[in-house]
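Structure assessment
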Amino acid sequence: MRFPTLQANINGKEWKEYTGDFSTKSVEKFIQENQLKRNPTGESVELTKLEELKEIIESKEPWFVKFYAPWCGHYICREFKIAGLPTLNYFIHGASLKFTGERKLEKLMDYAIKMSGSPVLPVETDNELEKILKLHDVNLVYVQSPDDENSQLSLLEQLAPSFMEEIPFYTTHDPKTAHRFNLQKSDLPAAVIVKDGTYQVYSEKSVNNISPWIYQERHPLVTRILPHNSNRILKGDQVVVLGITNPDDTESEIKLRELATMYRDKHGGKDIMFAQLDGKRWGHYVSSAYGIQSNKMPALIVLDPKNDMYYDHDSDKKKFSFSKPETVLASIATLSALKGISTAPSKTMTMIEKIFIFFGDHWIMMTTVLFGLFGVLFWLLTKDEPTPISREQMKEIAKKEIAERKKEKEKDIMIDEKIEKKDDLTSEPKLVERKTMIIDNK
């Protein structure tokens, strides 16, 4: 491979290396010949069929897909486990990633650029890698020999997208990195997971069967609950020891880590997950789901999401405490003997309760619908009512009415006067006529 190098990859297949000169014209031709033009105009495309979305995923191209109501196809939403609407997913490298950041153009562009490159990021030096490893709780580093271009990198690139939301993948040739992980040249290439201030080296050189190992080691000692991982952890398959603390409660955080360390050292830490939830940020959820108010924090509970249960006290009916780790560990081993609290909706739940739960799960859609209904109701109630007028307008109207009445009165007077004059004129001839008739008779 020459340096600098330029390569193209379509649909996750083998990388195609550019062999021409680096003139603008030649490079542009190479790019045009090695890219798909599914949506060249960059316009929003309406997806109505599951097959259309599957075609996008199989292409491994970068796509933002918005699932929204009321036109979100039921089967599409169910297929991709869309619980609330609207939801914005980013499809890249054949993986579906839930976007949880701000929905502003700049943030969307930054996220797309970050996620659209190779899922295995090259790192030049060990010093650079040291800084990068501090950015995430769990990292995978693929260490290669300086003089060896290993073909297994393409296998990692196919595997990495399924872990993109949890673990970043890096690769390096720096001998100092090999020394950092106590790797000899004969040990290379080697895959290493770095977390909790320590590291684990994959036992095999081949990465063909590495996926189960990564899945098993993907969590740190204590995982912080964030929007992108909340459903996977709180509603997943593993039992979770959950510490609910305030943001500034470092003492409880330390004790939770000590509890997780004790479990890892005694039991291997493979079956139980330890997680921390910000009680202030998630206060409403903590209160409604577990009945824990802000004045009851810190709190420690054990979740069994697979069976819709949680536990908050030991066999002696005493609340779990960060200060009594041995009691918590003993309780974990005998969860079935403890009396748990169900998190499943009651079968006797009233219709009103069901409506409230549905509203909570789909609050954005329901808020829009309710505002629309209130708007229509307001229009119906007010459409026939007179428009409110000010005091000044009322005075003007009164003046006009008085003036109009005065004119009407004056008009009536003038009509009366004309009638009287007419009566006077018509009465004279009659009198004369009578007099005349009398004279003639004589």
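Our subject is the structure that appears above.
Residues numbered from 1 in each chain as written. Predicted model: local features only at pLDDT ≥ 70, side-chain atom pairs only at ≥ 80, totals over all residues. Heavy atoms only, no water.

**Considerations on the overall build of the protein chain**
Looking only at helices and strands, the protein chain features 15 helices and 16 strands. Every one of the 442 residues in the protein chain was classed for burial, and the buried ones make up 33%. Put simply, 62% of the contacts in the protein chain that link residues at least 6 apart link residues at least 24 apart. Here the protein chain has roughly 30,100 Å² of accessible surface; of this, 55% comes from carbon and sulfur atoms. (Helix = DSSP H or I, 4+ residues; strand = E, 2+ residues; numbered from the N terminus. Buried < 20%, exposed > 50% of the residue type's maximum accessible area, 1.4 Å probe, protein only. Contact = heavy atoms within 4.5 Å. Areas by Shrake-Rupley, 256 points an atom, 1.4 Å probe, with all protein chains shown as cover.)

**Points about unusual backbone geometry**
With omega at 0°, the peptide bond leading from Leu188 into Pro189 counts as cis. A positive phi is found at His93, a non-glycine position, where the angle reads about 55°. Checked against the element boundaries, His93 lands in the loop between strand E4 (87-92) and strand E5 (95-98). Its identity is not glycine, yet Lys317 carries a phi of approximately 60°, on the positive side. The residue Lys317 is located in the loop between strand E15 (309-311) and helix H12 (325-333) in this model.

**Let's talk about helix H2 (residues 50-59)**
Taken residue by residue, H2 has Leu50, Leu53, Ile56, Ile57 and Ser59 as its buried positions. Positive phi shows up at Lys60, right after H2, with a value of about 65°.

**Some remarks on the packing of aromatic side chains**
Scanning the model with the defined rule gives 14 aromatic pairs in all. Plain terms: the ring middles of Phe64 and Phe99 are 5.9 Å apart, the flat faces sit at 85° to each other, and that makes the pair edge-to-face. On the criterion of sequence distance, the pair formed by Phe64 in strand E3 (residues 63-67) and Phe99 in the loop between E5 and helix H4 (105-116) is long-range, its members being 35 residues apart. Residue Phe99 is classed as buried on the basis of its relative accessible area of 5%. (Phe/Tyr/Trp six-rings, centres within 6.5 Å; stacked < 30°, edge-to-face > 60°.)

**Points about the sheet that holds E15**
Read from one edge of the open sheet, six strands run E11-E13-E12-E14-E15-E16, paired in mixed fashion. With partners counted over all chains shown, the strands left at the sheet margins are strand E11 (223-224) and strand E16 (341-342), one partner each. Where E11 lies against strand E13 (residues 272-278), two bridges are found, and the strand directions are parallel. Each bridged residue has a counterpart across the sheet, and for Arg224 the counterpart in E13 is Gln276. Set on the sheet, helix H11 (residues 283-290) makes contact with strand E12 (239-245), E13, strand E14 (299-304) and E15; between it and E12 the angle comes to about 125°. (Pairing = 2+ DSSP bridges. Axes fitted to C-alpha atoms, helices over the stretch in contact; angles between N-to-C directions.)

**Focus: the pattern of salt bridges**
As enumerated under the stated definition, the model contains 12 salt bridges in all. Linking Asp126 and Arg180 is a salt bridge whose minimum nitrogen-to-oxygen distance equals 3.1 Å. Linking Asp126 in helix H5 (residues 126-133) with Arg180 in helix H7 (residues 175-180), this pair joins segments that are 54 residues apart in sequence. Judged by its relative accessible area of 29%, Arg180 falls in the partly exposed class. In this structure, Arg232 and Glu166 form a salt bridge, with 2.9 Å as the shortest nitrogen-oxygen distance. (Salt bridge = Lys/Arg side-chain N within 4 Å of Asp/Glu carboxyl O.)

**What to know about the packing of helix H10 (residues 250-267) against H12**
Across the interface, H10 lies against H12 with an axial gap of 10 Å and an inter-helix angle of 50°. As far as their axial angle goes, H12 and H10 are oblique. Where H10 crosses over H12, the two elements pack in a sense that is right-handed. Side by side, H10 and H12 meet where Leu259, Met262, Tyr263 and Lys266 of the first sit next to Pro325, Glu326, Val328 and Leu329 of the second. (Parallel < 35°, antiparallel > 145°, perpendicular 65-115°, else oblique. Left-handed = near helix turned anticlockwise from the far one by under 90°.)

**Comments concerning the environment of Leu300**
Tracing the sequence through the fold places Leu300 in strand E14. Given the relative accessible area of 3%, Leu300 is considered buried. Between the C-alpha atoms of Leu300 and Phe322, which are 22 residues apart in sequence, the distance is 6.9 Å. Those residues within four positions of Leu300 in sequence are excluded, and the remaining contacts are Val241, Leu242, Gly243, Leu256, Leu259, Asp312, Phe320, Ser321, Phe322 and Val328.

**Considerations on the sheet that holds strand E6 (residues 120-122)**
Ordered by their spatial adjacency, five strands build an open sheet running E6-E8-E7-E9-E10, and the pairing between neighbours is mixed. The open sheet is flanked by E6 and strand E10 (198-201), the only strands paired with a single partner. On average, adjacent strands in this sheet sit at an angle of 30° to one another, irrespective of strand direction. Where strand E7 (residues 138-143) and strand E8 (residues 169-172) come together, four bridges link them in parallel fashion. Bridged to Leu140 within E8 is Phe169. Across the sheet, H5 is in contact with E7, E8 and strand E9 (190-195); its angle to E7 comes to roughly 160°.

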